[in-house]
Structure formats: C-alpha cells, structure tokens
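Inside the fold
Each chain is listed here by its residues.
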Amino acid sequence: EDEDEDENNENDTEIRMLQAQVVKAYRYSISEISVSCIITTDSLHELSRVLTSLDIVSQHKVWQVRLAAAHFLRSFQGNHKFLFTTSQTRKTTRIVARLLADERREVSAAAMAALTGILAASPLSTVSSLVEKYRKKANNSVIKMKQKKNLAGIETEEESDLIQKEKERAAKQQTSVYFLCAAVLSRPYDTPLYVPVALTALSKHSYERSAPYAVRETVKMCCAE
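In this report, we go over the structure that sits alongside the text. (Residues numbered from 1 in each chain as written. Predicted model: local features only at pLDDT ≥ 70, side-chain atom pairs only at ≥ 80, totals over all residues. Heavy atoms only, no water.)

Glancing now at the pattern of salt bridges. A complete count under the given rule lists eight salt bridges for this structure. With a shortest N-O distance of 3.4 Å, E46 and R49 are connected by a salt bridge. Here E46 and its partner R49 are both found in helix 2 (residues 45-57), three residues apart, which amounts to about one turn of the helix. Note that D190 is salt-bridged to R187, the shortest N-O span being 2.7 Å. Relative accessible area serves as the criterion here: at 35%, D190 is assigned to the partly exposed category. Taking the relative accessible area as the measure of exposure, R187 reaches 21% and is therefore partly exposed. (Salt bridge = Lys/Arg side-chain N within 4 Å of Asp/Glu carboxyl O. Helix = DSSP H or I, 4+ residues; strand = E, 2+ residues; numbered from the N terminus. Buried < 20%, exposed > 50% of the residue type's maximum accessible area, 1.4 Å probe, protein only.)

Before going further, it helps to spend a moment on the packing of aromatic side chains. Overall, the coordinates contain two aromatic pairs when judged by the stated rule. Plain terms: the ring middles of F72 and F76 are 5.6 Å apart, the flat faces sit at 15 degrees to each other, and that makes the pair stacked. Of this pair, F72 and F76 are both found in helix 3 (residues 63-80), four residues apart, which corresponds to roughly one turn of the helix. Judged by centre distance (3.9 Å) and plane angle (10 degrees), the rings of Y134 and F179 are stacked. Pair noted here: Y134 is in helix 6 (residues 124-140) and F179 is in helix 8 (residues 156-185), with a separation of 45 residues, a long-range link. (Phe/Tyr/Trp six-rings, centres within 6.5 Å; stacked < 30°, edge-to-face > 60°.)

Counting 44 residues, the largest nonpolar core has L180 and L202 as the members making the most contacts within it. Only helix 2, helix 3, helix 4 (86-99), helix 5 (105-120), helix 6, helix 8, helix 9 (194-203) and helix 10 (213-224) provide two or more residues apiece to this core. Among residues more than four places away in sequence, those in contact with L180 are V131, Y134, R135, A138, A198, A201 and L202. (Core = buried A, V, L, I, M, F, W, Y, C linked by side-chain atoms within 4.5 Å. Contact = heavy atoms within 4.5 Å.)

If you want it as structure tokens, here you go:
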C-alpha cells in the first residue's frame, strides 16, 4: 500500500507539473493572439464588437474561460488604449471590475493586473473619481462582528437570506479592495492625491476580523509594493 501511495504521489506531482506547463503555454498563446489583433483607425467599430464578445465570454461558467478573457483583455487593451473611446474604456473597466469578484483567485488576480494597466493609462481625474466611488463601497463592506453572530440559532429560511447577503457583501468587498489596490499599483513612481485616500481605505481591510484571507493578502501585497 505504501508503494502504491508513493507512486500515486509521484503521478500527481507529474500531472501538476504538466498542467503548469500547459497553462504557461496557454497564457503565452493568448497574449500573442491579443497583441497580434491590431485594429486600425479605419475599423474602430470592430473594437466595440471585440469588447462585446469579451463581455459575454467573461461571464462564462468555466473559470478557465474567464481567466483567458482577463488575460486577453489585458494585452488587447494595452495594445489599443490610444484608440479607445471614452465609452469603450468604461466598458473595459466595467468588465474587468466584474471579474475582480470572481471566486477563483487566478481570475481575480488576472483582472486586477489588467485593471492596473487600464488605470495607469487613464486621466488622474478619472481615476480619482473611481477611487472615491470604490472607497465608499470598501468602507461599507467591512465584515461586522454582528454578522458572524447572527448566523447562529436562526431559522433555515432566514439563514439562507443572511448567507445570500453575506455573499453579496463579500463580493462587494473583494471588488472594491482589489480596485483600490489596482489604483495604487498603477502609479508606482509618483503619489497622486488619491493614493493616500485609497491606502487609508485599504488599511481597514488588513485585519482578520474585517476581511477574509485572500483580501488581506492582496492588501499586504499592495502595501509591500
């Protein structure tokens, strides 16, 4: 039995290594395709068609497809940001912001990386207004101790309502915190006025009692950078 267990462990390790290589090659291929899709000024309407398709794909039930959409959007937006209209930039930001709340950490991390590039190319006034918007959302989504206590000793129907509200709160917290982190990381060489505002809001999500592990680790990473 010990020999069979060791053999299974070796097989699992080999499979994980193979999966990692496939994912790496897949991400490289996605980036190459997105960079190769150059749209000229003669066909700017094609940008909207691509974004509409990405909007649909980014909501796919398979997380690997959503991950591919995030990686593609990151490279595609970076390659065409100077051709984007204001509405197209807003749509791109909206797609990425929705992916920030994805339950798969790989997807949310890729979305945050894409958002960082978008915000880096956006006017400071636009980023500042978005930071203010998500700062309010972040402040309203901190875990409250009452929420944890209320889940004990309640009726099944009431419990399901509270669980649904908690899921919505958690998604709101992850989206707003990741957005603020992306805003901070988008300006590595200077300190616009919105950066201290964002960092102040993020500090409230760095404690175990106020945020889940993934959110706290993202805040820690942002502050370390």
